[in-house]
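Coordinate inspection notes
Spelled out, the chains give:
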Amino acid sequence: KQWYQRRVRAALNIINIVFLGITFLCIAPFKQFWARRLIQIQTQLCVALFMGHIAFILLGTTTASSSACVPGVVIVQYLFLVAVAWSVCASVTLYEKIVNALKSFGKQDKHYFVKCLAGCWTAPLFMVLAAYITSTTMDKTSLPYVTATGELDDEKTETCWVASPWKWVGFMIPVYLCLGINVILFIMIARIIIRAGKSGSSTGHAREVKAIMSIATTVCLPWLVALLMTGPKAMAQIFQWIFIIVTALQGPTMFVCFVIFQEDVLTNLFKLFGQEPPQALLPAKSSKSTKSAASEISNVKPTTAAVKKEEKSDIVQVKNPEYNKPVEQEPPQHQSEENIYSKVDEEAPAEKDDTIS
């Protein structure tokens with residue numbers, strides 16, 4: 001069973017790596033996407049996952065007694081912590097874009113991406129190395145840093161992985177802290193979008209919703225499943241298979257969300273070959289919105305034309321009688337009004353004459 005599981009995991013990881021590489025190549029080389037903060041963060045997330053899965057495959061070829069076990073474990077933990085850290089940075093970016101857009105009055109931190117770049121690539125290294133250095137100062141016989149029992153504590157396996165106390169201190173606890181932050185931000189963003197939808201205001205946050213769903217399914221879901229692998233052995237084996245499948249879907253899911261569902265990225269790829277993307281590959285919401293917009297425009301034009309015609313017809317109806325009969329009737333009214341004012345003007349000086357006399 002362990003041999004069969006390793007074969008399946010290796011095959012799925014290769015598929016995952018291929019899709020992560022394709023996603024990176026579809027976005028990173030083009031300068032028009034460099035100025036967009038969220039796409040930059042998503043690209044870094046793809047890079048971290050791409051390198052992490054390659055390191056994980058290489059780690060599977062070593063044993064706990066090998067000299068490459070400890071460096072391999074440190075590198076794998078570091079790269080996957082980097083990926084989780086970039087997911088937090090993406091969630092904060094979405095929160096700032098949706099919730100705090102009005103509070104900041106459109107102002108953006110010019111060094112925001114540089115801060116994320118420094119924090120997401122250095123903080124995980126500090127956590128992993130702190131756990132490893134702490135383990136070297138203690139008794140290696142009672143608290144070893146690596147173990148050969150595997151993820152399910154199976155004594156028959158000889159896989160290289162971090163031992164139980166240190167995997168929680170330097171890896172699992174930071175991962176779940178980041179996942180907790182993501183969940184809180186997702187809930188806050190979802191409340192804003194739901195309230196805007198109930199109020200009838202057009203939010204236009206389809207791109208952000210896609211980004212949230214991609215992060216939730218690619219980064220958060222696998223580690224939530226991994227938490228269930230610590231139960232009884234029978235249930236742990238079931239959730240281990242689910243973890244393998246969900247983890248293997250990270251690359252395909254990112255390719256669909258970051259390339260297929262991104263109209264500008266998809267259009268840019270087709271323009272390289274001098275073609276336009278077919279309607280079948282465009283997102284359903286965008287096609288519906290364009291159709292609805294076209295229908296609204298088609299509906300608006302006749303009404304405006306009708307109003308203009310009615311206004312013109314009213315003007316014609318008013319002008320014709322003015323040049324015929326009403327013109328003859330209006331002057332007497334003006335004359336009568338002028339006679340009234342003239343009488344008042346005539347009476348006024350008469351009263352003044354009486355007062356003077």
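Each remark here, short or long, concerns the structure printed above.
Residues numbered from 1 in each chain as written. Predicted model: local features only at pLDDT ≥ 70, side-chain atom pairs only at ≥ 80, totals over all residues. Heavy atoms only, no water.

What follows is about helix 4 (residues 112-136). When the terminal C-alpha atoms of helix 4 are compared, their 36 Å separation across 25 residues agrees well with the 36 Å that a helix rising 1.5 Å per residue should span. Within helix 4 the residues assigned to the buried category are Tyr112, Cys116, Cys120, Trp121, Pro124, Val128, Ala131 and Ser135. (Helix = DSSP H or I, 4+ residues; strand = E, 2+ residues; numbered from the N terminus. Expected span 1.5 Å × (residues − 1). Buried < 20%, exposed > 50% of the residue type's maximum accessible area, 1.4 Å probe, protein only.)

Judged by nonpolar contacts, the single largest core of 77 residues is most densely connected at Val73, Trp86, Tyr145 and Trp223. Among the elements that line this core, the one with the most residues is helix 3 (residues 69-98), at 19 residues. In this structure, Val73 is in contact with Leu59, Tyr145, Val146, Cys160, Trp161 and Val162, ignoring residues within four places of it in sequence. (Core = buried A, V, L, I, M, F, W, Y, C linked by side-chain atoms within 4.5 Å. Contact = heavy atoms within 4.5 Å.)

Glancing now at a nonpolar patch on the surface. On the surface, a nonpolar cluster with roughly 240 Å² of combined accessible area is contributed by Ile14, Val18 and Ile22. Assignment of secondary structure puts Ile22 in helix 1 (residues 2-27). Given the relative accessible area of 35%, Ile22 is considered partly exposed. (Patch = residues over 30% accessible without salt bridge, like charges linked within 9 Å, V, L, I, M, F, W, Y side chains within 5 Å. Areas by Shrake-Rupley, 256 points an atom, 1.4 Å probe, with all protein chains shown as cover. Salt bridge = Lys/Arg side-chain N within 4 Å of Asp/Glu carboxyl O.)

All told, the structure shown has nine aromatic pairs when counted by the stated rule. Feature note: the residues Phe80, Trp161, Phe171, Trp223 and Phe243 constitute an aromatic cluster, connected by ring pairs. (Phe/Tyr/Trp six-rings, centres within 6.5 Å; stacked < 30°, edge-to-face > 60°.)

The residue Leu20 is located in helix 1 in this model. A sequence separation of 23 residues divides Leu20 from Thr43, and the C-alpha atoms of the two residues are 9.6 Å apart. With residues near it in sequence (within four places) discarded, Leu20 still touches Cys46, Leu49, Phe50, His53, Gly251 and Met254.

Tallied over the full model, the rule gives one salt bridge. A salt bridge links Arg36 to Asp264, with the nearest nitrogen and oxygen atoms 2.0 Å apart. Highlighted residues: Arg36 in the loop between helix 1 and helix 2 (37-59) and Asp264 in helix 9 (residues 263-271), separated in sequence by 228 residues.

In this structure, Gln250 sits in helix 8 (residues 250-260). In this structure Gln250 comes out as buried when scored by relative accessible area, which is 4%. Aside from chain neighbours lying at most four places away, what touches Gln250 is Asn16, Leu49, His53, Thr218 and Pro222.

On to the environment of Phe255. Its location among the elements puts Phe255 in helix 8. Aside from chain neighbours lying at most four places away, what touches Phe255 is Phe19, Ile22, Thr23, Cys26 and Ile260.

With that settled, consider the state of the cysteines. In the structure shown here, the tally under the stated rule is two disulfides. Two residues, Cys69 and Cys160, share a disulfide whose sulfurs are 1.7 Å apart. Its S-S torsion of about 95° marks the bond between Cys69 and Cys160 as right-handed, since a negative value means left-handed. Highlighted residues: Cys69 in helix 3 and Cys160 in the loop between strand 1 (146-147) and strand 2 (161-162), separated in sequence by 91 residues. Disulfide pairing places Cys89 opposite Cys116 at an S-S distance of 2.2 Å. Since a negative S-S torsion denotes a left-handed disulfide, the Cys89-Cys116 link at about 80° is right-handed. Residue Cys89 is located in helix 3, and its partner Cys116 is located in helix 4; the two are separated by 27 residues in the primary sequence. Exposure class is identical for Cys89 and Cys116. Each is buried. Ordinal numbering of bonded cysteines along the protein defines a disulfide pattern of 1-4, 2-3. The thiol of Cys220 is not disulfide-bonded; the next cysteine sulfur, from Cys178, is found 9.7 Å away. (Disulfide = S-S within 2.5 Å.)

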